[in-house]
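Spelled out, the chains give:
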Amino acid sequence: MKLGVHRGQLAAALEQADLTWFLNSPDLGWDLPAALASMGGRARFAGSVDALVSALKADSRPGDQVLIMSNGGFGGLHDKLLAALRERT
């Protein structure tokens, strides 16, 4: 993802997703929103892990399926999101 090798295939790969959030890190090195422009409002972007957690918490509803794809710890996103979702109940 960081190298943008598959940026041309991203939108097509996600065409069946209702909504997709992306971490649009300033150090990514390529224009992620431009690569996903064809997704319209189904592609959303956050500039930090904390902003992503807040957005996912606000957008998700009971019964939704949330898939996090990462090749590492992703700034603690998994634990932060689970904690944020628990706060709602």
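Everything numeric here is computed off the predicted structure, so don't read it as measured data.

Reading the values: rules and limits
Residues numbered from 1 in each chain as written. Predicted model: local features only at pLDDT ≥ 70, side-chain atom pairs only at ≥ 80, totals over all residues. Heavy atoms only, no water. Helix = DSSP H or I, 4+ residues; strand = E, 2+ residues; numbered from the N terminus. Buried < 20%, exposed > 50% of the residue type's maximum accessible area, 1.4 Å probe, protein only. Pairing = 2+ DSSP bridges. Phe/Tyr/Trp six-rings, centres within 6.5 Å; stacked < 30°, edge-to-face > 60°. Arc of directions from axis to C-beta. Contact = heavy atoms within 4.5 Å. Core = buried A, V, L, I, M, F, W, Y, C linked by side-chain atoms within 4.5 Å. Salt bridge = Lys/Arg side-chain N within 4 Å of Asp/Glu carboxyl O.

Visitor: Looking at this structure, I do not really get the environment of Ala37. What am I missing?
Guide: Tracing the sequence through the fold places Ala37 in the loop between α2 (32-35) and β2 (43-46). Residue class for Ala37 comes out exposed when judged on its relative accessible area of 54%. For the pair Ala37 and Leu14, spaced 23 residues apart in the sequence, the C-alpha separation amounts to 12 Å.

Visitor: Just checking my understanding: could you explain the pairing of strand β1 (residues 20-23) for this structure?
Guide: A regular strand places its side chains so that they alternate between the two faces of the sheet. Residues of β1 alternate between two faces, with Thr20 and Phe22 buried on one and Trp21 and Leu23 left unburied on the opposite face. Judged from the four bridges that link them, β1 and β2 form a sheet pairing that is parallel. Along β2, the bridge assignment pairs Leu23 with Ala46.

Visitor: Would you explain the packing of aromatic side chains in this entry?
Guide: Centre-to-centre distance and the angle between the planes together describe a pair of aromatic rings. Throughout the structure, instances matching the rule amount to one aromatic pair. Look at Phe22 and Phe45: their rings are 5.7 Å apart centre to centre, the planes differ by 25°, and that puts the pair in the stacked class. Here the residue Phe22 occupies a position in strand β1, and Phe45 occupies one in strand β2, the gap between them amounting to 23 residues. Overall, Phe22 belongs to the buried group, its relative accessible area being 8%.

Visitor: It is not clear to me how helix α3 (residues 49-59) should be interpreted in this structure. Could you clarify?
Guide: Because an α-helix packs 3.6 residues into every turn, residues spaced three or four apart end up facing the same way. Taken as a whole, α3 has its buried residues at Val49, Leu52, Val53, Ala55 and Leu56. Within α3, the buried residues cover an arc of 165° as seen down the axis, which keeps them to one side. Looking at the buried side of α3, the elements it contacts are β1, β2 and α4 (77-87).

Visitor: Can you walk me through the environment of Asn24 in this structure?
Guide: Mapped onto the elements, Asn24 comes out in the loop between β1 and α2. Relative accessible area serves as the criterion here: at 23%, Asn24 is assigned to the partly exposed category. In this structure, the C-alpha to C-alpha distance between Asn24 and Ser48, residues 24 residues apart in sequence, is 7.4 Å. Non-local contacts of Asn24, meaning those with residues more than four positions away in its chain, are made with Leu32, Pro33, Phe45, Ala46 and Gly47.

Visitor: How should the nonpolar core be read in this particular structure?
Guide: Note on soluble globular proteins: their nonpolar side chains tend to be buried together. Residues Leu10, Ala11, Leu14, Phe22, Leu28, Trp30, Leu32, Leu36, Met39 and Ala43 constitute the largest nonpolar core, which totals ten residues. Core analysis: the second largest hydrophobic core is formed by eight residues, Ala46, Val49, Leu77 and Leu81 among them.

Visitor: Quick question: what am I supposed to make of the pattern of salt bridges here?
Guide: Close approach of charged atoms lets side chains of opposite charge pair. A complete count under the given rule lists three salt bridges for this structure. Between Lys80 and Asp50 there is a salt bridge, and its shortest N-O distance comes to 3.2 Å. With Lys80 in helix α4 and Asp50 in helix α3, this pair connects stretches of sequence that are 30 residues apart. Asp50 sits in the partly exposed class, given a relative accessible area of 47%. Linking Glu87 and Lys57 is a salt bridge whose minimum nitrogen-to-oxygen distance equals 3.0 Å. One end of the pair, Glu87, is in helix α4; the other, Lys57, is in helix α3, with 30 residues separating them in the sequence. On the basis of relative accessible area, Lys57 is assigned to the partly exposed category, the value being 26%.

All quantities given are derived from atomic positions and should not be read as evidence of function.
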